[in-house]
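# A structural walkthrough
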Amino acid sequence: GPSHGPPQQGDRPAQPGAFDPNHLPGTREILDFTVPMMLGMATVALHTIVDTAFIGRLGTEQLAAHPLAMLTYLSGMVLMLGIMRNAIAFIARAYGAGEPLRIGHILAHYHLLVVLGVPVVLVIALAYPLVVAGADVSESVAGYGASYLRVRVWDVLFLEIFVLYSALYQSVGNSRFPMVVAWGGLGLNVVLTWALVFGRLGLPALGMSGAAWATLISAALEAFVIVVASYRPVVRRRFALVPWVRPEWKT
């Protein structure tokens, strides 16, 4: 079955020809891998639900503004996260072929896509006035949505990083570690959203933008934790991880 922690030095990658094409995974093996992956991916939607729950207590206009901002945000976020999730095919192929040292080269090229994704998302965020015009809402509703979107849009950068390194762990059979990190970030988001929206725990009451700041901070922490875990010496050497390589068009 899949491992239940970050890759360890003693783990041996599959060797070419070691895969048995006649082996079909049993129900237990499938669930051990897929349930943590599903639960981890569910947190992306749950962050938005947390924001909505607290923003709804601020007033009708704030609640009306939130879906307008999220419509614009999701247009860019889903695009970039789809590209990052695509890394699992290439990483798993290298791992299954017994070539774990190729994984660092692959990941480094996805780092370039993370950087290129930032202006893409920002351009999409500039479309917010068109969304507002189509919705025909009041200036105050449009303003609330803009204050939320200006902050929230930046968490796409951290989500890209987290999803990319989640793909690394999932490619080698470990779907639980990314899930644990994702749910830890969700728990932090609940506390920070409550504190920053209403001014609790000595933090300022930022209203609707406070919900966006809470989600941004949580996403940044998730990315930080999974990257630090991945660049521990034992893991870094195992997959030859490097933050940057000279771009190779073929790759």
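Model, not experiment: these values are computed from the prediction. (Residues numbered from 1 in each chain as written. Predicted model: local features only at pLDDT ≥ 70, side-chain atom pairs only at ≥ 80, totals over all residues. Heavy atoms only, no water.)

### Concerning the packing of aromatic side chains
One pass over the full model with this rule turns up three aromatic pairs. If you follow Arg-152 out to its NZ or CZ, it ends over the ring of Tyr-73, 4.4 Å from the centre. (Phe/Tyr/Trp six-rings, centres within 6.5 Å; stacked < 30°, edge-to-face > 60°. Lys NZ or Arg CZ within 6 Å of the ring centre and 35° of its normal.)

### Considerations on the nonpolar core
Formed by 58 residues in total, the largest nonpolar core has its most connected members in Ile-103, Leu-107, Tyr-148, Leu-164, Leu-168 and Phe-239. Aside from chain neighbours lying at most four places away, what touches Leu-164 is Met-84, Ala-87, Leu-107, Tyr-110, His-111 and Val-114. (Core = buried A, V, L, I, M, F, W, Y, C linked by side-chain atoms within 4.5 Å. Buried < 20%, exposed > 50% of the residue type's maximum accessible area, 1.4 Å probe, protein only. Contact = heavy atoms within 4.5 Å.)

### A few points about the environment of Ala-135
If you trace the backbone, Ala-135 turns up in helix 5 (residues 128-135). Once the C-alpha coordinates of Ala-135 and Arg-57 are considered, the two residues, 78 residues apart in sequence, prove to be 22 Å apart. (Helix = DSSP H or I, 4+ residues; strand = E, 2+ residues; numbered from the N terminus.)

### Considerations on the pattern of salt bridges
The full count for this structure, using the stated rule, is five salt bridges. Across the pair Arg-152 and Asp-51 runs a salt bridge whose closest N-O atoms are separated by 3.3 Å. Taken as a pair, Arg-152 in helix 6 (residues 139-152) and Asp-51 in helix 1 (residues 27-55) lie far apart in primary sequence, 101 residues in all. The residues Arg-152 and Asp-51 share a single accessibility class, namely buried. Here Glu-99 makes a salt bridge to Arg-102, at a shortest N to O gap of 3.1 Å. Here Glu-99 falls in the partly exposed class, since its relative accessible area comes to 35%. Connected through salt bridges with shared partners, the residues Arg-28, Asp-32 and Arg-176 form a single ionic network. (Salt bridge = Lys/Arg side-chain N within 4 Å of Asp/Glu carboxyl O.)

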